[in-house]
Amino acid sequence: MFDQTQQKTGTDIKVDTVEGTVAAAMHHPTVAMTDEGKALVAWQMLAAKENWNIKVRVFDGNGTPVTPTELTLHTDAKGDHINPSANVFQENQFLIVWEKHLKWEQYKDLEIIHQSIQAAIVNGSGEIGKSEFDIDAPAFTKKQNPKAVRLQQGGMVLWQVK
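For clarity, every value in this text was computed on a predicted model and none was experimentally measured.

A. Region of interest: the sheet that holds strand 2 (residues 39–46). Pairing in this open sheet of four strands is antiparallel, and the strands run 1-2-3-4 from one edge to the other. Each edge of the sheet is formed by a strand with only one pairing partner; in this case those strands are strand 1 (26–33) and strand 4 (71–72). Bridge analysis of strand 3 (residues 52–59) against strand 4 gives two bridges, and the strand direction is antiparallel. In the sheet register, Lys55 faces strand 4, and the bridge partner there is Thr72.

B. Quick peek at unusual backbone geometry. At His28, a position not held by glycine, the phi torsion is positive, near 50 degrees. With respect to the helices, strands and loops of the structure, His28 is situated in strand 1. By relative accessible area, which is 42% here, His28 ends up partly exposed. Phi at Asn83 is positive, roughly 55 degrees, even though this residue is not glycine. Relative to the assigned elements, Asn83 resides in strand 5 (residues 80–89).

C. Here's a closer look at the environment of Gly79. Along the polypeptide, Gly79 turns up in the loop between strand 4 and strand 5. For the pair Gly79 and Asn51, spaced 28 residues apart in sequence, the C-alpha to C-alpha distance is 6.2 Å. Leaving out residues up to four positions away in the same chain, Gly79 has contacts with Asn51, Trp52, His101 and Leu102.

D. Quick look at the nonpolar core. Residues Leu40, Val56, Leu73, Phe94, Ile96, Trp98 and Val122 are the most contacted members of the largest nonpolar core, which totals 14 residues. Secondary structure elements with two or more residues in this core: strand 2, strand 3, strand 5, strand 6 (93–103) and strand 7 (113–123). Residues in contact with Leu40, not counting those within four places in the same chain, are Thr30, Val31, Ala32, Val56, Arg57, Val58, Ala86, Phe94, Ile96 and Val122. In terms of nonpolar packing, the next biggest core, distinct from the first, is built from six residues, Phe89, Ala119, Ile121 and Ala148 among them.

Rules of the game
- Residues numbered from 1 in each chain as written.
- Predicted model: local features only at pLDDT ≥ 70, side-chain atom pairs only at ≥ 80, totals over all residues.
- Heavy atoms only, no water.
- Pairing = 2+ DSSP bridges.
- Helix = DSSP H or I, 4+ residues; strand = E, 2+ residues; numbered from the N terminus.
- Buried < 20%, exposed > 50% of the residue type's maximum accessible area, 1.4 Å probe, protein only.
- Contact = heavy atoms within 4.5 Å.
- Core = buried A, V, L, I, M, F, W, Y, C linked by side-chain atoms within 4.5 Å.

Below you can see the structure in the form of structure tokens.
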């Protein structure tokens, strides 16, 4: 962790609870921090079945984990869940958005990907307040790199870069 002057404070914090060396299987970390100092870290992680999942973990202002292990944000094991973006949503909640890619199996000879933008809300105690929901309807068009941007009034804008 670092303070406001960019000086390192304390020791390094291991975010995931996976044993061994799997650094190559974790990508695209994102961090959001509340005014009270709670931080949510989200990343994509390769699962044993070779699908990418979105994982999150919440920490208090001292870097102590609020949850004993990381959480998986989605219940749908099909497809790849990638490129998370997190931001604070209201006082003690985090909004996480990501891409979902699902290979269209109807035409085995074609590489057709069905894409959507999904989101979930995690509260400051590390519990999933609202499990995954579609922000943008699934379609065969490119939906990439969603960004959660907080408005001063407390709302959110979901920005998609194509």
